[in-house]
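Observations on chain architecture
Residues per chain, in single letters:
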Amino acid sequence: MTVHLTDEQLIQHFYGDGHVDREPEIDAHLATCPACSAAWNELRETLKLVDDGTVPEPGPEFERVMWARVKQALPPRHERGGLLAFFETHRAASWLFTAAGLAAVLVVGIVVSGRLSPARRPGTSTPTPAAVTLTSARETARSRERVLLTALDNHFQQSEMLLVEVMNAPPGGDDNFGFERQTADDLLESSRLYRTTAQLNGDVQFAQLLEDLESVLVDIARSPEKVDRKDFNALRARIDNDNLLFKVRVVSQQVQDRQRSLTE
Amino acid sequence: MQQMQADDAAAVARARAGDEEAFRVLVERHSRSIYRLAYRMTSRAEDAEEVVQDTFVRAYRQLGRFEARSNFATWLYRIAFNCSIDYLRARPGRESTEPHERLEQLSGQSSGPSMEDLVYAGEIGGQVQLALESLSAQERAAFLMRHYQGCSIAEICRVLNLRSNAAKHSIFRAVKKMRLALRPLVGSPHSIE
């Protein structure tokens, strides 16, 4: 090695983040190059000082006081009871049941938010101007719901296809990951929008699914062009462990069922 | 260490089933270490306490997502880093608004107190804290995760939502700023052999 080591190389060497194969070469260079050796020692001294920097300790009652504060800020028990507690305890097994409920909650939410009045009474032969307005409002609400369901359906279908691509891709880093990255990046914005809406509506579990999905989309979108085997397998294990593909399929199916019921 | 992990896992299982007492045990066991992390991130005791509280409340809400085979402390640290970043970003004034001035100030202190004075006054920690304040929230989090928590680059990427290169560069920039800020203290008889 004839050139001096860069700051980045020294920092990587300190934290053991460099290439394992190059470590002996760097050690050898540090042993023979006074300039790099001086820089290396200065780096070590600086980071040793960081280790020496202590944090002022809180008082002996800190834990007790903190628990009192945390306890006061915890959500009321009833918010965690019922379906949510059941879901948390029987997470995987209850997913099918929960997903059906989630889709129903979402769709019902859409319908309820769009519904302005009950149906027209039978026997009213001539619609009054008010009834015409209500009928028109109902049609608008149904159209709005159809648009929302179509958008959701597209989102879940594309997400499902992406997850299938990732799960079925050959292991190893030879394949270009560009298409998957771009697709994930495209899906991220809408996923965030749906998640935020679900959170605002208090649909905790639907928001949770979207958050899990979003987290995987972020990982895919921000992965390098060529993913190494270890990272790729870790990503697949995450999708698998979270039953994410299954959950997305179930919710997607529920959305499609609702779409069909609207057109019948 | 393994015993603590097993105890944590048992307490988490009970807390998930609605046992508040079990969650109290977790709060009391981990709040001090989370406080140290939060203090390094925020530089102020009262802000650190806020972050500790937010961390446990957020953890409580997300208990259902905790994987039983994972390390609860590590999971909690991740939440704490995110809470700290959110806290700093929500209060722009908390982040150093003039990092360059701060760095110049720190690196120009060669005629300031001697190393002995600092040691006796217990101020090395204060100097380190000042140096940490010169980093952005992202640099600070990446550096603390790497330096104090020993997190891998992949883990830092996951927690901070960064690409690998961005995580590495955050650490590089952080170390460079720390070197510049702490330079007056390096090379004294008290520093390493």
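Just above sits the structure.
Residues numbered from 1 in each chain as written. Chains lettered and ligands numbered in written order. Predicted model: local features only at pLDDT ≥ 70, side-chain atom pairs only at ≥ 80, totals over all residues. Heavy atoms only, no water.

Take the nonpolar core next. Counting residues in each nonpolar core, the largest one holds 81 residues, and the members touching the most others are Val70(A), Phe23(B), Phe143(B), Leu160(B) and Met178(B). For this core, the element with the highest residue contribution is helix 4 (residues 72-90) of chain B, accounting for 12 residues. Beyond its immediate chain neighbours, meaning those up to four positions away, Phe143(B) contacts Tyr15(A), Leu47(A), Val50(A), Leu132(B), Tyr148(B), Ile171(B), Ala174(B), Val175(B) and Met178(B). In terms of nonpolar packing, the next biggest core, distinct from the first, is built from 33 residues, Ala184(A), Val216(A), Val218(A) and Ala221(A) among them. (Core = buried A, V, L, I, M, F, W, Y, C linked by side-chain atoms within 4.5 Å. Buried < 20%, exposed > 50% of the residue type's maximum accessible area, 1.4 Å probe, protein only. Helix = DSSP H or I, 4+ residues; strand = E, 2+ residues; numbered from the N terminus. Contact = heavy atoms within 4.5 Å.)

What follows is about unusual backbone geometry. With a phi angle near 55°, Asn243(A) is a residue other than glycine that sits in the positive phi range. One can find Asn243(A) in the loop between helix 11 (229-241) and helix 12 (244-263). Within the chain, Ser43(B) stands out as a residue other than glycine whose phi angle is a positive 70°.

Before going further, it helps to spend a moment on the pattern of salt bridges. What the rule picks out here adds up to 29 salt bridges over all chains. The residue Glu214(A) makes a salt bridge to Arg195(A) at a minimum N-O spacing of 2.6 Å. On the criterion of sequence distance, the pair formed by Glu214(A) in helix 10 (residues 204-221) and Arg195(A) in helix 9 (residues 178-200) is long-range, its members being 19 residues apart. The pair Glu214(A) / Arg195(A) is uniform in exposure class, with both members buried. Through salt bridges with shared partners, one network takes in Asp7(A), Glu42(A), Arg179(B) and Arg183(B). (Salt bridge = Lys/Arg side-chain N within 4 Å of Asp/Glu carboxyl O.)

Residues and elements named next belong to chain B. Tracing the backbone through its elements, the reader meets Ile-34 in helix 2 (residues 20-42). Counting along the chain gives 21 residues from Ile-34 to Thr-55, while the straight-line C-alpha distance between them is 8.4 Å. Not counting residues up to four positions away in its chain, the partners in contact with Ile-34 are Val-52, Thr-55, Phe-56, Leu-76, Tyr-77 and Ala-80.

By themselves these figures say nothing about function.
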